[in-house]
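Chain by chain, the residues:
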Number of protein chains: 2
Amino acid sequence: MNIILASTSTLFGEQYLEYLKPELIKLYEGITEIIFIPFARPGGMSHEDYTQKAKDFFSSININIKGLHEFEDKVEAVNSAQGFFTGGGNTFLLVKTLHELGLMKVLKENIESEKPYLGCSAGSNIGGVNMKTTNDMPIVYPPSFDCMELVPFNINPHYLDPNPEIKHNGETRETRIKEFLTQNDIKVVGLREGNWIRRIGNRVTTEGTELTRIFEKGKDPYEVDPGTEL
Amino acid sequence: MNIILASTSTLFGEQYLEYLKPELIKLYEGITEIIFIPFARPGGMSHEDYTQKAKDFFSSININIKGLHEFEDKVEAVNSAQGFFTGGGNTFLLVKTLHELGLMKVLKENIESEKPYLGCSAGSNIGGVNMKTTNDMPIVYPPSFDCMELVPFNINPHYLDPNPEIKHNGETRETRIKEFLTQNDIKVVGLREGNWIRRIGNRVTTEGTELTRIFEKGKDPYEVDPGTEL
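Because the structure is predicted, anything quoted here is derived from the model rather than measured.

The rules we used
- Residues numbered from 1 in each chain as written.
- Chains lettered and ligands numbered in written order.
- Predicted model: local features only at pLDDT ≥ 70, side-chain atom pairs only at ≥ 80, totals over all residues.
- Heavy atoms only, no water.
- Contact = heavy atoms within 4.5 Å.
- Buried area = accessible area lost by both parts, 1.4 Å probe.
- Salt bridge = Lys/Arg side-chain N within 4 Å of Asp/Glu carboxyl O.
- Polar contact = N/O pair within 3.5 Å; in protein donor to acceptor, adjacent residues only side chain to side chain.
- Nonpolar A, V, L, I, M, F, W, Y, C, P; charged D, E, K, R; others polar.
- Core = buried A, V, L, I, M, F, W, Y, C linked by side-chain atoms within 4.5 Å.
- Buried < 20%, exposed > 50% of the residue type's maximum accessible area, 1.4 Å probe, protein only.
- Phe/Tyr/Trp six-rings, centres within 6.5 Å; stacked < 30°, edge-to-face > 60°.
- Helix = DSSP H or I, 4+ residues; strand = E, 2+ residues; numbered from the N terminus.
- Least-squares fit on C-alpha atoms with pLDDT ≥ 70 in both.

Undergrad: Please clarify how the interface of chain A and chain B should be interpreted in this entry.
TA: Quite often, the size of an interface is put as the accessible area lost when its parts meet. If you look at the interface, chain A gives 46 residues, while chain B gives 46 residues. For the pair chain A and chain B, the two sides together bury roughly 3,700 Å², of which 59% comes from carbon and sulfur. Run the count over chain A and chain B and you get two salt bridges. Where Arg-176 of chain A meets Asp-136 of chain B, a salt bridge forms, and the shortest distance between an N and an O atom there is 3.9 Å. Taken together, the connections running from chain A to chain B amount to eleven residue pairs in polar contact (both at pLDDT 80 or more). Of the residues that constitute the side of chain A that touches chain B, the class distribution is 18 nonpolar, 19 polar and nine charged.

Undergrad: So what exactly am I meant to see when it comes to the nonpolar core here?
TA: Proteins that are soluble and globular tend to have nonpolar side chains buried together. Ile-111, Tyr-117 and Ile-197 of chain A together with Ile-111, Tyr-117 and Ile-197 of chain B are the most contacted members of the largest nonpolar core, which has 100 residues in total. Beyond its immediate chain neighbours, meaning those up to four positions away, Ile-111 of chain A contacts Met-1, Ile-3, Phe-84, Tyr-117, Met-148 and Leu-150 of chain A.

Undergrad: What is the right way to look at the packing of aromatic side chains in this model?
TA: Where two aromatic rings form a pair, the distance of their centres and the angle of their planes describe that pair. Residues and elements named next belong to chain A. Considering all chains together, one arrives at 20 aromatic pairs over all chains under this definition. Look at Phe-36 and Phe-85: their rings are 5.1 Å apart centre to centre, the planes differ by 45°, and that puts the pair in the tilted class. Note that Phe-36 is positioned in strand S2 (residues 33-37) and Phe-85 in strand S4 (residues 84-86), a separation of 49 residues in sequence. Here Phe-36 and Phe-85 have matching classes, each one buried. A network of ring pairs unites the aromatic residues Tyr-28, Phe-36, Tyr-50, Phe-57, Phe-58 and Phe-85 as a single cluster.

Undergrad: Is there a simple way to explain the relation of the copies chain A and chain B in this structure?
TA: Note on the chain copies: they are related by a rotation about an axis and a translation along it. Between the two copies, chain A and chain B, the superposition gives an RMSD of 0.0 Å; the rotation angle is 180° and the shift along the axis is 0.0 Å. Taken together, the turn and the small shift mark the pair as related by a two-fold rotation axis. With an isologous cut-off of 70% or more, the 100% of interface residues of chain A that recur at the interface of chain B puts this contact in the isologous class.

Structural measurements only, silent on function.
What follows is the structure in structure tokens.
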């Protein structure tokens with residue numbers, strides 16, 4: 001496999017995908033066109049507007065973008081594609097749409113046969129075992145929470161450390177992930193913004209500028225440096 | 001009906017349920033014992049420990065507590081109860097458990113026949129139309145997101161205003177609720193901590209110390225004062 005699963009598309013104060021540009025040039029080497037999967041619809045934006053946003057960035061690295069919503073036969077479109085990018089937004093909406101269109105398995109098979117894949121945020125969640133560690137609101141009911149399992153763990157994107165100054169009784173991210181581990185025995189990778197998972201062949205590493213926080217059942221959470229093999 | 005749906009059980013720096021004590025004395029007037037529903041299991045704590053926590057508070061207002069997990073025939077226990085309290089925790093775990101045990105409808109019917117009900121956080125979410133505006137992580141897959149619809153809207157507990165100082169790309173609460181409204185036409189009541197919904201008979205009001213933020217499809221969000229009829 002040849003994939004990037006990123007915590008976020010956009011760093012604070014920066015342009016869309018700008019911080020990943022050198023990595024994306026390598027990921028998509030030799031590729032002239034990829035399919036963009038806009039189904040997570042951040043803020044409820046249209047498939048068309050979201051695809052245009054991806055187009056605007058990818059034209060800067062000479063890659064053409066087609067939105068998956070544009071194809072009548074979407075299974076055929078995925079099977080014919082050179083590579084993929086799934087944008088962030090609402091993971092429930094993304095997973096529901098992929099399952100209902102019968103695309104989750106087809107996309108997985110195409111990525112497992114070496115087509116490059118980039119996921120950001122919700123697009124990274126679907127690279128995990130299931131979507132049970134998303135941060136998103138369950139605005140729609142998917143027929144299943146199962147995802148592509150491109151890596152043997154779950155991802156928590158936009159991982160956020162507890163802020164001791166907040167006088168608010170909502171759960172911290174760490175509390176939520178620990179609750180997940182009371183019900184599931186799946187490793188969770190807390191990806192801070194600025195970090196991503198890189199898989200090349202069978203080698204899976206954490207990359208980026210920040211430490212990555214790992215949660216496993218029956219262990220205290222621990223931190224790993226960029227470049228650590230998972 | 002005679003119900004309270006509260007944003008949170010505990011205000012910052014206070015004891016469990018302390019701020020609601022005068023309201024709870026009125027809610028449960030004439031009642032000597034209620035059933036506590038511990039299935040949301042905050043932080044993964046056991047049903048026993050969670051029920052003990054509720055017991056410790058309710059003994060101070062002379063109400064005995066039985067945990068619903070203690071009964072072999074839980075439907076019969078609900079039908080025989082004088083009143084109910086559902087504690088907070090993980091809404092997915094709570095809703096999954098209630099549906100699997102066939103209790104969602106039984107609990108609804110008992111509350112509709114005038115038995116007093118208190119819900120906090122996840123326990124308030126289940127008083128809404130569905131659980132699609134919970135803040136919780138989807139750590140388990142419920143057979144349905146439908147809830148009791150004790151009020152004709154959805155609740156977002158622990159409602160939190162956007163913090164312009166946060167340099168983080170996760171969605172704000174307002175963005176999430178607006179995404180919900182792109183997919184659903186159900187009013188959402190953003191309950192800040194310190195606020196609750198009170199229903200007596202057919203009269204539904206917001207109560208507490210804070211303004212309440214209301215979201216409706218096709219309208220700008222707006223604020224209402226404590227005491228406003230919804």
